[in-house]
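Architecture at a glance
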Amino acid sequence: PPAAAHVPLPHPSVSRQHAVIQHRDSGGVWLMDLGSTHGTTINKKACPSRAFVALPPGAMVRLGSGSRLVTLLGPPDEAGASKAPGVPQPPPVRTRPGEAQYSAARAAQRAERIAATTGRSAVS
């Protein structure tokens, strides 16, 4: 059986059974508004009631008129679109050569300092 998660959003415009988000075996993510009173928007456009709509990576979903937005993160879709229109993307992560080893050494030193200060083993 598929896994399910119920996420309560305490807001007067969000219904108890407002929408369904599905991750399908194909890798796609889909949303269906379950006929809610205050509706659902995807990237500021109204979502049709009782119809599945594909959610591309970067899509912003708003349930009802609440102030919380949910953004779908993920790799680019098959069509090559790396983001939903109008959604800013974070800059690429840049690392310097040897940075990972330096970070690991700093973390080990910090763990040793904490262990010495607290009298506990660095492993526990």
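The notes below deal with the structure included here.

Conventions and cut-offs
- One numbering rule holds for all chains: residues counted from 1, following each sequence as written.
- For this predicted model, a pLDDT threshold of at least 70 governs which residues receive local features, and a threshold of 80 or more governs which side-chain atom pairs are given and counted, while totals over whole chains, interfaces and linings are taken from all residues.
- With hydrogens and water excluded, all non-hydrogen atoms of the structure serve as input to the side-chain values.
- Pairing between strands requires that DSSP locate at least two bridges from one strand to the other.
- Put simply, DSSP H or I for four residues or longer makes a helix, DSSP E for two residues or longer makes a strand, and each gets a number counted from the N terminus.
- For cavity detection a 1 Å grid was placed over the protein atoms alone, and a set of points counts as a cavity when a 1.4 Å probe fits there but cannot get out; an open set counts as a pocket when protein lies on both sides within 12 Å along at least five of seven lines, with lining residues being those that have an atom within 4 Å of a point.
- Grid points are joined across faces, edges and corners, and a volume is the space filled by probe spheres set on the points.
- Each residue is assigned to one of three groups, with Ala, Val, Leu, Ile, Met, Phe, Trp, Tyr, Cys and Pro labelled nonpolar, Asp, Glu, Lys and Arg labelled charged, and all others, Gly among them, labelled polar.
- Joining through side-chain atoms within 4.5 Å is the link that ties buried Ala, Val, Leu, Ile, Met, Phe, Trp, Tyr and Cys residues into a set, and such a set is a nonpolar core.
- Between buried and exposed lies partly exposed: a residue is buried under 20% and exposed over 50% of the maximum accessible area for its type, with that area taken using a 1.4 Å probe on protein chains only.
- Two residues form a contact once any of their heavy atoms are found within 4.5 Å.

This next bit is on the sheet that holds strand 2 (residues 29-33). With antiparallel pairing, three strands are arranged side by side in an open sheet as 1-2-5. Both outer strands of the open sheet, strand 1 (19-23) and strand 5 (53-54), are each paired with one neighbouring strand and no more. Note: strand 2 against strand 5, two bridges, orientation antiparallel. Paired with L31 across the two strands is V53, which belongs to strand 5.

Moving on, we get to the layout of surface pockets. One number sums up the size of the largest pocket: a volume of about 880 Å³. Residue lining of the largest pocket: 24 residues in total, with A5, V7, A19, V20 and I21 positioned closest to the centre. When residues of the lining of the largest pocket are traced back to their parent elements, those giving at least two are strand 1 and strand 6 (60-63). Top contributing element to the lining of the largest pocket by residue count: strand 1, with five residues. Looking at the lining of the largest pocket residue by residue, the classes come out as 16 nonpolar, six polar and two charged.

Attention now goes to the nonpolar core. With nine residues, the main nonpolar core is built from V14, V29, L31, I42, C47, L55, A59, V61 and L63. Here V29 is in contact with I21, Q22, H23, V53, A54, L55 and L72, once residues within four sequence places are set aside.

None of this, on its own, says anything about what the molecule does.
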